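Fold and geometry: a report
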Amino acid sequence: MSNKKEYVLEINDLSVSTSGSKILDGLNLSVKKGETHAIMGPNGSGKSTLAKTIAGHTDYEINSGTIKFLGNDLISMPIEERSNLGLFLGFQYPIEIPGLSNTAFLKAAINAQRKYNNLEDIPANEFLLELKSKADQLGLDQSFLSRGVNEGFSGGEKKRNEILQMLMLNPKVSILDETDSGLDIDSMKIVADGVNSTRNKETSTIVITHYERLLNYLEPDYVHVINDGQIIKTGDLTLANELEKKGYEWLTKKK
Amino acid sequence: MADQEKIKNLFSFEKIASITSGKPDYPDWFDEFKRLSTKNLMDQNLPSIKDSEWESTKINSLTKKLFNDDFNFSHSANDLIVEDTKKDPNKITISFSNGIYMCSEELPSHIKILSHIKDKDKFRDLLDIKKENNSSFSSTLNSIILSDLLLIETSSNQKVDTLIHIINHASNEANLAPRIEIRAATNSSVKILEEVRTSNDSIMNHVLRVNCQKNANIEFYKVIQRQENSHYLGTQDIEASENARIKFFLWDFGGDTSKTVTDTKLLGKKSEINYSALFTPNKYLHSGNQIKINHEASHTKSKIKVRGVLNDHSSGVFYGKIKVKESVTKTSAFMENKNLLLSDDASISSKPILEIYNDDTECSHSATSGSIDKEKLFYLKTRGIDEVEAKSFLVNSFIEEISGEITNKKIQDIFKKYLVQSGQL
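Residues numbered from 1 in each chain as written. Chains lettered and ligands numbered in written order. Predicted model: local features only at pLDDT ≥ 70, side-chain atom pairs only at ≥ 80, totals over all residues. Heavy atoms only, no water.

1. Some words on the packing of helix 3 (residues 28-43) of chain B against helix 7 (residues 137-145) of chain B
Residue and element names in this part refer to chain B. To keep things clear, this is the line we draw: Inter-axis angles, ranging from 0 to 180 degrees, are taken between N-to-C directions of lines fitted to C-alpha atoms, where helices are fitted over the stretch in contact. Under the scheme used here, helices are H or I runs from DSSP no shorter than 4 residues and strands are E runs no shorter than 2 residues, and both carry numbers assigned from the N terminus. Roughly parallel means an angle under 35 degrees; roughly antiparallel, over 145; roughly perpendicular, 65 to 115; everything else is oblique. Helix crossings get a hand from a simple test, with the near helix turned counterclockwise from the far one by less than a right angle marking a left-handed crossing and a clockwise turn marking a right-handed one. Contacts between residues were defined by any pair of non-hydrogen atoms, one from each residue, lying within 4.5 Å. Three categories are distinguished: nonpolar for Ala, Val, Leu, Ile, Met, Phe, Trp, Tyr, Cys and Pro, charged for Asp, Glu, Lys and Arg, and polar for the others, with Gly belonging to the last.
Where helix 3 meets helix 7, the closest approach of the two axes is 8 Å, and the angle between their N-to-C directions is 150°. By the angle between their directions, the pair helix 3 and helix 7 is classed as roughly antiparallel. Classified by chirality, the crossing of helix 7 by helix 3 is left-handed. From helix 3, Phe 33, Lys 34, Ser 37, Thr 38, Asn 40 and Leu 41 reach across to helix 7, where they touch Phe 137, Thr 140, Leu 141, Ser 143, Ile 144 and Ile 145. Broken down by class, the residue content of the contact of helix 3 with helix 7 amounts to 6 nonpolar, 5 polar and 1 charged.

Quick look at the structure:
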């Protein structure tokens, strides 16, 4: 049996700017199948820019570098195709869409993925059973499913709704952008359990966070520190524990 | 040359005057009514985009059509496909083709089609010459062309559960002036849905008068279907007595010209109106929506919620005005207009106006216009949904904010049918 794991995401020398300001500056990151990576770093260091750039947000201009996702050139790929191939972004600030029910939205998302993979639409019963079961797992009341997407949800409910979408879409690579922010201790446990339930040899996760608490639940394989648009240190969970105690200054202080 | 002059040059009043003479079946009083209406029209200022009420309205092709073409009122119903009016115990369909009533079924006593010949006394009671003096341009023109009239009149305490479904259909090049009078007596209720179907080069100059008596309840839903070369002018006068409740919902798909003017008077204390409108023109179509609400009694409530979705080169107008009289207290008025522009070439003019002369009121007004929210679009796309479907979801969710005002299941189904038919707006 080979120990050699495949790379699912390979970012090389990525430089990105928005509104004329350079945010990412020659960033490198490689993620293999089955791995969990945590990205930490001070505010404004480029964490969310990295997440949104991978997902394809048009506000971010790629100045140089390459991103490969499952061996494909990600930069030239339409946003929806990235998702259909198995990329998921859990939003830091999930968007409210009143008038579009959570159920209709999720069904459209699943069927888009199935269509991309030349599969028939999901049978209604199968979809609803799965949706209810996943909502239960996350402690989301059934009433959330018929409400507008994130409409009137509390901060914690929105984040759990992101995880619900992740569980339903079963992505190969998930990027969770500060999914733990605004969560109370119990909700964080539920979210962490939700994320852990998707982890296996086939799936990879990138968690962007400010806090070690979530990482203690997730036990990432790598912890990266990003500053000024570059990864400046990589370690394991002990690095996150160290950051919790010492802050970032010892790493970011210009020598 | 001033616009006013340009429009005046299009007029030939002889044409209008000719309508009032040489019609052997007109009773004298009807002839007199039309002559007076014609005089009223001549005394009026002609519609001009310089008037605030006609501002931004696409008016030129309408006036050209109105005053350059020969008036021909001898339309037949033969060339129209009449709706298959399947028997539905919960609905009664009243279908008009070119103003001619098309259904053979016997109408219940609260619905009457009045002919100026057969029902002249009743007809005469309804046409108030004094009122005509103060009528708008469109309404006066309706009086000149008017032939028959639909009257829906409930008696005291009558609760009409059967939906009244009116279809007004104009064929190609028809020039029609339908008039509907709704009178809900004390403590009665009625639900009405009207569909307006215009055709190529047709003009429909529609007048609706609603009178809602004490404790009465009226729900009125109206759809004006899309027709590229048609013109629609709607004049709607609504009066509410004490504790009367009126719910009005309008969906206009736009026309070469389409303009609806609704004038509401809350005359009795604790009367309420809930007015919702949606306009969705595309291509080069236009839709104008004007709503005025006068709070003339204390403890009255009004709510105006209007949404515009404009695609291609279409244009729209929202003009809303709420007036609270000085002597009137404890009123509540809410006015909101939101517009979604789906194309860089679409345009909207929005004017929400409050005229408040008594501080003892709760009022709010707002108007917003913008294109599809790109963050919402990004969110949907990151879930694998393609641009076309994502935009369609966002347009529908925008419409849903207002179609949610329809609480009647049967009417909801009919509107859903329109939503599907309208496709990509």
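2. Considering the interface of chain A and chain B
Here is the rule we go by: Buried area: the accessible area, evaluated with a 1.4 Å probe, that two parts lose upon being put together, summed over both parts. Salt bridges are identified by distance alone: a Lys or Arg side-chain nitrogen within 4 Å of an Asp or Glu carboxyl oxygen. Definition of a polar contact: a pair of N or O atoms within 3.5 Å, with one able to donate and the other able to accept a hydrogen when the atoms are protein atoms, and with sequence-neighbouring residues admitted only if both atoms are side-chain atoms.
Facing 31 residues of chain A, the contacting portion of chain B comprises 18 residues. Contact between chain A and chain B buries roughly 2,000 Å² in total, counting both sides, with carbon and sulfur atoms accounting for 68%. At the boundary of chain A with chain B, the tally comes to 2 salt bridges. The salt bridge partner of Asp59(A) is Lys374(B), with a shortest N-O separation of 2.6 Å. Counting every contact that joins chain A to chain B gives 12 residue pairs in polar contact (both at pLDDT 80 or more).

3. Notes on the pattern of salt bridges
Residues and elements named next belong to chain A. Convention followed: Buried means the residue's accessible area, taken with a 1.4 Å probe over protein chains only, is under 20% of the maximum for its type, while exposed means over 50%, and partly exposed covers the values in between.
Counted by the stated rule, this structure contains 26 salt bridges over all chains. Salt-bridge contacts for Asp 25 lead to Lys 22; the nearest nitrogen and oxygen are separated by 3.5 Å. In this structure Lys 22 comes out as exposed when scored by relative accessible area, which is 53%. As a salt-bridge pair, Glu 130 and Lys 134 come within 3.5 Å of each other at their nearest N and O atoms. Of this pair, Glu 130 and Lys 134 both sit in helix 4 (residues 124-137), 4 residues apart, which is roughly one turn of the helix.

4. Regarding the side chain of Ser202(B)
Summarising the element assignment, Ser202(B) is placed in the loop between strand 8 (189-197) and strand 9 (203-212). By relative accessible area, Ser202(B) is classed as buried at 0%.

5. Here we look at the packing of aromatic side chains
Heads up, the rule is: Pairing of aromatic rings covers Phe, Tyr and Trp, the last through its six-membered ring, and needs centres within 6.5 Å; plane angles under 30 degrees mean stacked, over 60 mean edge-to-face, and all others mean tilted.
Summed over the entire model, instances satisfying the criterion amount to 8 aromatic pairs over all chains. For the pair Phe91(A) and Tyr379(B), a centre-to-centre distance of 4.7 Å together with 85° between the ring planes defines the contact as edge-to-face. Here the residue Phe91(A) occupies a position in the loop between strand 6 (87-90) and strand 7 (97-101), and Tyr379(B) occupies one in helix 8 (residues 374-381), the pair thus bridging two chains. In this pair, the class of Phe91(A) matches that of Tyr379(B), namely buried. Between Phe105(A) and Tyr379(B) the ring centres are 5.9 Å apart and the planes differ by 20°, which places this aromatic pair in the stacked class. A residue pair is termed interchain when its members come from two chains, as with Phe105(A) in helix 3 (residues 102-116) and Tyr379(B) in helix 8. Of the aromatic side chains, those joined through ring pairs into one cluster are Phe91(A), Phe105(A), Phe378(B) and Tyr379(B).

6. Section: the pairing of strand 10 (residues 204-208) of chain A
Residue and element names in this part refer to chain A. Stated precisely, the cut-off is as follows: Any two strands are treated as partners once DSSP identifies two or more bridges connecting them.
Of all 5 residues in strand 10, 5 are buried; the element is thus mostly enclosed. Here strand 10 shows two buried faces, one formed by Ser 204, Ile 206 and Ile 208 and the other by Thr 205 and Val 207. Of the strand pairs in this sheet, strand 3 (residues 36-40) and strand 10 are connected by 4 bridges, and their pairing is parallel. By the bridge assignment, His 37 is partnered in strand 10 with Ile 206. In this structure, strand 9 (residues 173-177) lies alongside strand 10, joined through 5 bridges in parallel fashion.

7. Section: the pairing of strand 8 of chain B
All names here are of chain B. Among the 9 residues that make up strand 8, 8 are buried, leaving the element largely enclosed by the rest of the structure. Bridge analysis of strand 5 (residues 163-169) against strand 8 gives 6 bridges, and the strand direction is parallel. In the strand pairing of strand 8, Ile 167 is matched with Glu 195.

8. A word on the sheet that holds strand 3 of chain A
All names here are of chain A. Pairing is mixed across the open sheet formed by 6 strands, whose spatial order is 6-9-10-3-11-12. The open sheet has two edge strands with one neighbour each: strand 6 and strand 12 (230-235). When the angles between neighbouring strand axes are averaged without regard to direction, this sheet yields 20°. As judged from the 5 bridges shared by strand 11 (residues 222-227) and strand 12, these two strands associate in the antiparallel manner. Note on strand 12: the bridge partner recorded for His 224 is Thr 234. Where helix 6 (residues 155-169) meets the sheet, it contacts strand 6 and strand 9, and its direction lies at approximately 170° from that of strand 6.

9. Considering the confidence of the model for chain B
All names here are of chain B. Spelled out, the test is: Values of pLDDT, which run from 0 to 100, indicate the predictor's confidence residue by residue.
Averaged over all residues, the pLDDT of chain B equals 84, while 85% of them reach at least 70. Per-element averaging of pLDDT across chain B places helix 1 (residues 3-10) at the bottom with 45 and helix 8 at the top with 97. Taken together, the stretch residues 6-12 has pLDDT below 50 and engages in 14 contacts with residues farther than four places along the chain or on a different chain.

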